[in-house]
Amino acid sequence: GLPSDDLSRLVLWSGRTEAAVKAIFDDIIKRSLDVEHIALLQNSQVLTNTSNVYRGYGLFSQDEISGKAICTTQDVQLFTTERRPIVWVYAGIGSQWAEMGKDLLSIPLFAQTIQKCHEVLMPKGLDLMEIITSPDKKLFDTVLNSYVGIAAIEIALTDVMKALGLEPDYLIGHSVGELGVAYADNCFTVEEAILASYSRGKASAESKKINGAMAAIGINHKDVKKILPVDIDIACHNSLDSTTISGPAESVRAFVQELSEKNIFAREVACSGIPLHSRYIAEMGSHLLEKLNEVIKSPRKRSPKWLSSSFPADQWKDNEESQY
């Protein structure tokens, strides 16, 4: 049962006490990382006793020197019996980084989905494999690469999570992340999802725009509004104490510097030089719609699981467009 790959194995366990859970984890590291043994352990936990109020996980890999399993991380917590909802959150621009898909490609199903996306984009002249595995950070100076890279990772991770039997109670995404949500909500096929991200990137690249920047500010958006320079827009209300701003690059960077000197959290967000979610990209909308109409032939309504971040909650039932 020794694995033929170098992937780590995740073990979930429940017990009446914290020690009972840790005893299983301690036993695993006394032997080689036998995948058949791990499978037997997991199968024995499919049906668990309600009195097993301690729940934990351990992540195990194989030590090449000793030949035994090692635990790289573990945690055990008291289970309150209250079921917490599963929420899948899909990030937007700024979540990309060089080689972000390199290690994930060792997961066969992930690699299979990425290959599908790669083949869809090849006729467009894009090498998705290079985009998500190259150490060249400058690749993401091109917004098209950022969009398709983020979307492909999210699409493939969705396939992996669903293959594990996980189903979300809610889905929410920001910006290009809503394309990942559309895929998870069965509104998009793989092809539609990756081509929609390509369309968004092309619309951004082909539209007239300024040299822009974005930044995350550690202040409530109402307070940011009081001190915001007139040429910068509030792009996103992230939370009670987090706001994203967008505007001309020089103005945004000067404002970030000003806030930092006052010991207020302010950090620029990688946006490929485009001031997203601001007045400066308004004309991109019509270009994007035209391209999306070519990709999405049969629009499908979203399910109640999809919590739209494009429309306020009070418009979800009234605005027909927010249903797509």
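None of these values were measured; they are calculated from a predicted model. (Residues numbered from 1 in each chain as written. Predicted model: local features only at pLDDT ≥ 70, side-chain atom pairs only at ≥ 80, totals over all residues. Heavy atoms only, no water.)

Here we come to the overall build of the protein chain. Per the secondary structure count, the protein chain includes 10 helices and nine strands. With respect to the principal axes defined by its C-alpha atoms, the protein chain has extents near 60 × 50 × 45 Å. Residues counted as buried form 40% of the 324 residues belonging to the protein chain. A total accessible area of about 17900 Å² is found for the protein chain, and carbon and sulfur atoms account for 54% of it. (Helix = DSSP H or I, 4+ residues; strand = E, 2+ residues; numbered from the N terminus. Buried < 20%, exposed > 50% of the residue type's maximum accessible area, 1.4 Å probe, protein only. Areas by Shrake-Rupley, 256 points an atom, 1.4 Å probe, with all protein chains shown as cover.)

Where strand β1 (residues 9–15) meets strand β2 (residues 54–62), seven bridges bridge the pair, whose relative direction is antiparallel. Note on β2: the bridge partner recorded for Ser 14 is Arg 55. Bridging between β2 and strand β3 (residues 69–78) involves nine bridges; their strand directions are antiparallel. When the sheet's bridge partners are listed, Tyr 54 is paired in β3 with Leu 78. Linking two consecutive strands that pair antiparallel, namely β2 and β3, is a turn of six residues; a positive phi of about 80 degrees is found at Gly 67 within it. (Pairing = 2+ DSSP bridges.)

On to the sheet that holds strand β8 (residues 242–248), then. Taking strand neighbours across the sheet as the criterion, the four strands line up as β7-β8-β6-β9 in an open arrangement whose pairing is antiparallel. Bordering the open sheet on either side are β7 (233–239) and β9 (266–269), each of which pairs with just one other strand. Across the sheet, the mean angle from the axis of one strand to that of its neighbour is 25 degrees, orientation sign disregarded. Across five bridges, the pairing between β7 and β8 is antiparallel. Residue pairing for β8: Ser 239 is matched across the bridge by Ser 242. (Axes fitted to C-alpha atoms, helices over the stretch in contact; angles between N-to-C directions.)

What follows covers the sheet that holds β2. Here three strands make up an open sheet; going across it, the order is β1-β2-β3 and the pairing antiparallel. Each edge of the sheet is formed by a strand with only one pairing partner; in this case those strands are β1 and β3. For this sheet, the mean inter-axis angle between neighbouring strands, taken without regard to orientation, is 20 degrees. Along the sheet, helix α1 (residues 18–28) contacts β1, β2 and β3; its crossing angle with β1, the most-contacted strand, is approximately 150 degrees. (Contact = heavy atoms within 4.5 Å.)

With 14 residues, helix α3 (residues 108–121) should reach 20 Å at 1.5 Å per residue; the first-to-last C-alpha distance of 20 Å fits that figure. For α3, the set of buried residues is Phe 110, Thr 113, Ile 114, Cys 117, His 118, Val 120 and Leu 121. Mapping the buried residues of α3 onto a view down its axis gives an arc of 160 degrees, with all of them on the same face. If you follow the buried residues of α3, they end up packed against α4 (128–133), α5 (143–163) and α7 (190–206). (Expected span 1.5 Å × (residues − 1). Arc of directions from axis to C-beta.)

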